[in-house]
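# Tertiary structure, described
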Amino acid sequence: MVLVAIVVCEVAFWVALLGGLAVRYLAGRPRLGMALVFLAPVIDLLLLGFVAIDLLGGGTASWHHGLAALYIGISVAYGHRMIAWADAKFATRFRGAQPRPKPVGAAYTIACWKDAARTLLAVAIAGAIVGGLVLIVGAPERTEELLGLFPLLGIVLGIDVLWAVSYTLWPKKPAPGQAVG
């Protein structure tokens with residue numbers, strides 16, 4: 001059931017985002033569009049509430065509950081960036097705005113380290129959610145499965161840091177004629 005809630009929340013996130021941007025750019029209603037976009041955090045809170053209710057109601061934790069925590073962490077840490085990316089794409093397509101330049105060189109390396117910091121935030125949020133659920137439920141036999149998420153969070157963070165280190169050591173070179181920045 002939790003897996004279904006995660007899928008529904010992911011679909012709802014993109015519906016709110018794309019619907020909000022469509023209302024903003026296609027219908028010319030920027031305030032209503034942004035109100036729809038700001039439903040994304042509400043969706044995350046609903047998912048967190050559903051997971052907590054499921055566990056507090058006697059449910060046994062599964063990897064789905066850990067995935068929900070990771071989803072919420074990623075949504076919080078990367079949500080603003082995803083929204084800004086989609087907004088820029090809509091602005092380019094429907095308002096004729098200039099596309100964002102792709103970072104290269106030092107700018108790309110800095111972007112990689114910013115992503116590593118976002119991933120650290122996502123991992124910290126997911127870990128805090130899992131730890132909070134374990135404490136609130138207070139039944140180690142029902143929440144034992146959640147503890148398996150911690151090594152996965154470390155692996156996710158480690159991969160992102162290695163990616164940033166690799167571009168620090170071997171920066172992405174601009175294509176011939178491509179502006180740096």
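Now for a description of the structure that goes with this document.

Procedures and definitions
Residues numbered from 1 in each chain as written. Predicted model: local features only at pLDDT ≥ 70, side-chain atom pairs only at ≥ 80, totals over all residues. Heavy atoms only, no water. Helix = DSSP H or I, 4+ residues; strand = E, 2+ residues; numbered from the N terminus. Contact = heavy atoms within 4.5 Å. Areas by Shrake-Rupley, 256 points an atom, 1.4 Å probe, with all protein chains shown as cover. Lys, Arg positive; Asp, Glu negative; His and termini not counted. Charge placed at Lys NZ, Arg CZ, Asp CG, Glu CD. Axes fitted to C-alpha atoms, helices over the stretch in contact; angles between N-to-C directions. Parallel < 35°, antiparallel > 145°, perpendicular 65-115°, else oblique. Left-handed = near helix turned anticlockwise from the far one by under 90°. Nonpolar A, V, L, I, M, F, W, Y, C, P; charged D, E, K, R; others polar. Buried < 20%, exposed > 50% of the residue type's maximum accessible area, 1.4 Å probe, protein only. Salt bridge = Lys/Arg side-chain N within 4 Å of Asp/Glu carboxyl O. Phe/Tyr/Trp six-rings, centres within 6.5 Å; stacked < 30°, edge-to-face > 60°.

When helices and strands are counted, the protein chain shows 7 helices and 0 strands. A separation threshold of at least 6 residues defines the contact pool for the protein chain, and within that pool the share at least 24 residues apart is 77%. Of the roughly 10600 Å² of accessible surface on the protein chain, a fraction of 73% belongs to carbon and sulfur atoms. One finds the centroid of the 14 positive side-chain charges in the protein chain at a distance of 21 Å from the centroid of its 9 negative side-chain charges.

The subject of this paragraph is the packing of helix α3 (residues 39-56) against helix α5 (residues 105-137). Following both chains from N to C, one finds α3 and α5 inclined at 30°, their axes separated by 10 Å at the closest point. As summarised for this structure, α3 and α5 are arranged roughly parallel, according to the angle between their axes. In this structure, the crossing between α3 and α5 has a hand that is right-handed. Each of Leu48, Val51, Ala52, Leu55 and Leu56 in α3 lies in contact with α5, whose residues at this interface are Ile129, Leu133, Ile136 and Val137. Looking at side-chain class alone, the contact of α3 with α5 contains 9 nonpolar, no polar and no charged residues.

Before going further, it helps to spend a moment on the side chain of Arg142. For Arg142, the position within the fold is in helix α6 (residues 140-143). Of the side chains with opposite charge, Glu141 comes closest to the buried, unpaired Arg142, at an N-O distance of 5.0 Å.

If you walk through the whole model with that rule in mind, you get 3 salt bridges. For Asp87, the salt bridge goes to Arg24, with nearest N and O atoms at 2.9 Å. Of this pair, Asp87 sits in helix α4 (residues 63-95) while Arg24 sits in helix α1 (residues 2-25), and the two are 63 residues apart along the sequence. Classification of Arg24 by relative accessible area gives partly exposed; the value is 22%. Its salt-bridge partner being Asp115, residue Arg81 comes within 2.2 Å of it at the nearest N-O pair.

With that settled, consider the packing of aromatic side chains. In total, this model carries 5 aromatic pairs according to the counting rule given. Centre to centre, the rings of Phe90 and Phe94 are 5.5 Å apart; their planes meet at 45°, and the pair counts as tilted. With Phe90 and Phe94 both in helix α4, this residue pair falls 4 residues apart, about one helical turn. By relative accessible area, which is 15% here, Phe90 ends up buried. Its relative accessible area of 37% is what places Phe94 among the partly exposed residues. Seen from their ring centres, Trp163 and Tyr167 are 5.2 Å apart, and the 50° between their planes marks the pair as tilted. Here Trp163 and its partner Tyr167 are both found in helix α7 (residues 149-169), 4 residues apart, which amounts to about one turn of the helix. Note on Trp163: relative accessible area 44%, which makes it partly exposed. Using a relative accessible area of 19% as the deciding quantity, one classes Tyr167 as buried. Taken together, the aromatic side chains of Tyr25, Phe90 and Phe94 make up a single cluster linked through ring pairs.

Bear in mind that shape data such as this cannot, by itself, settle questions of function.
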